[in-house]
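Summary of the model geometry
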Amino acid sequence: MPLEGKSLAPGTVWVITLDLDQPGEPLDAFAQVLSAEERKRAERLIRDRDRRRFIVGRGMLRRTLGVALEKDPGRIAFTYAAQGKPTVEDRMGTGRSLQFNLAHSDRLAMLALTVDDPVGIDIERVRPVKLRDGIVRKHFSPVERETFQRLPEDVRQEAFFRVWTRKEAIVKAIGTGLTLSLTSFDVSLEARPASALVAMRHPDYAGEPWSLRALDAPEGFCAALAVARSEPLDVRYL
């Protein structure tokens, strides 16, 4: 497992990129650690490719959490917030709380793990979006819309996904899903800003420390990481 031998500490975030298109034997190994409910969820998926990817993603998540918690991955129990974000009640050997978040797009998934601080991660395959301009008008803040409209058309597609992944990472870290207005905070459209969070105006979260980063992602994808912790943040890749 990629996390074996690695230390988890406050302020350090491990980011693991997963290929969800695994052949038969590894697929069987991942399926063995799923709960009965997860197996039922997999069976309800109509397309074989989606079913296989769900099994690999959930199985890899359980096995990685098992390493961090020193627990049988098949016995890990998840609890879910009102908007569906999963957490684990088990504590690490140090007594600290393990925080994690999983995102997937197409054949890839990214998993972020840290200690104590809520974390959110998002990855998206860069692709044409038919309703892009409508999404920009509805969900981008005025500052983001103005900056986006000034960009040449040939760079707007990637810039759109930079904004979207960064906003998704924030709302996933908070755990509210899209019930949090995406226009209540501003993110940078730059490729590699020092901080991707420009402003947080939402009254419930404006006073909290936040770190928002653009992540290294495979070619053709955009990814972002948000942690409820002020800088400096030590992001490590596996």
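Preceding this paragraph is the structure being described.
Described below are features of the structure shown in this document.

About the criteria used
- Residues numbered from 1 in each chain as written.
- Predicted model: local features only at pLDDT ≥ 70, side-chain atom pairs only at ≥ 80, totals over all residues.
- Heavy atoms only, no water.
- Pairing = 2+ DSSP bridges.
- Helix = DSSP H or I, 4+ residues; strand = E, 2+ residues; numbered from the N terminus.
- Axes fitted to C-alpha atoms, helices over the stretch in contact; angles between N-to-C directions.
- Buried < 20%, exposed > 50% of the residue type's maximum accessible area, 1.4 Å probe, protein only.

Some points on the pairing of strand S9 (residues 211–214)
Two elements, S9 and strand S10 (residues 221–227), share four bridges in a ladder whose sense is antiparallel. Each residue of the ladder has a partner; that of Leu-212, found in S10, is Ala-226.

Concerning the sheet that holds strand S6 (residues 119–125)
The sheet built from three strands is open, its strands ordered S6-S10-S9 with antiparallel pairing. Unpaired on one side and paired on the other, S6 and S9 mark the two borders of the sheet. The average undirected angle you get between the axes of adjacent strands in this sheet is 10°. Across seven bridges, S6 lies against S10 in antiparallel orientation.

A few points about unusual backbone geometry
Along the chain, Glu-231 connects to Pro-232 via a cis peptide bond; the corresponding omega equals 5°. Within the element layout of this structure, Pro-232 appears in the loop between S10 and strand S11 (234–237). Backbone geometry places Glu-70, a non-glycine residue, at a positive phi of 55°. Among the secondary structure elements, Glu-70 is positioned in the loop between helix H3 (48–69) and strand S2 (78–80). With phi around 60°, Asp-106 is a residue other than glycine that occupies positive phi space. When you line up the elements, Asp-106 lands in the loop between strand S4 (98–105) and strand S5 (108–115). Its relative accessible area of 36% is what places Asp-106 among the partly exposed residues.

So yeah, pure geometry; function would need other evidence.
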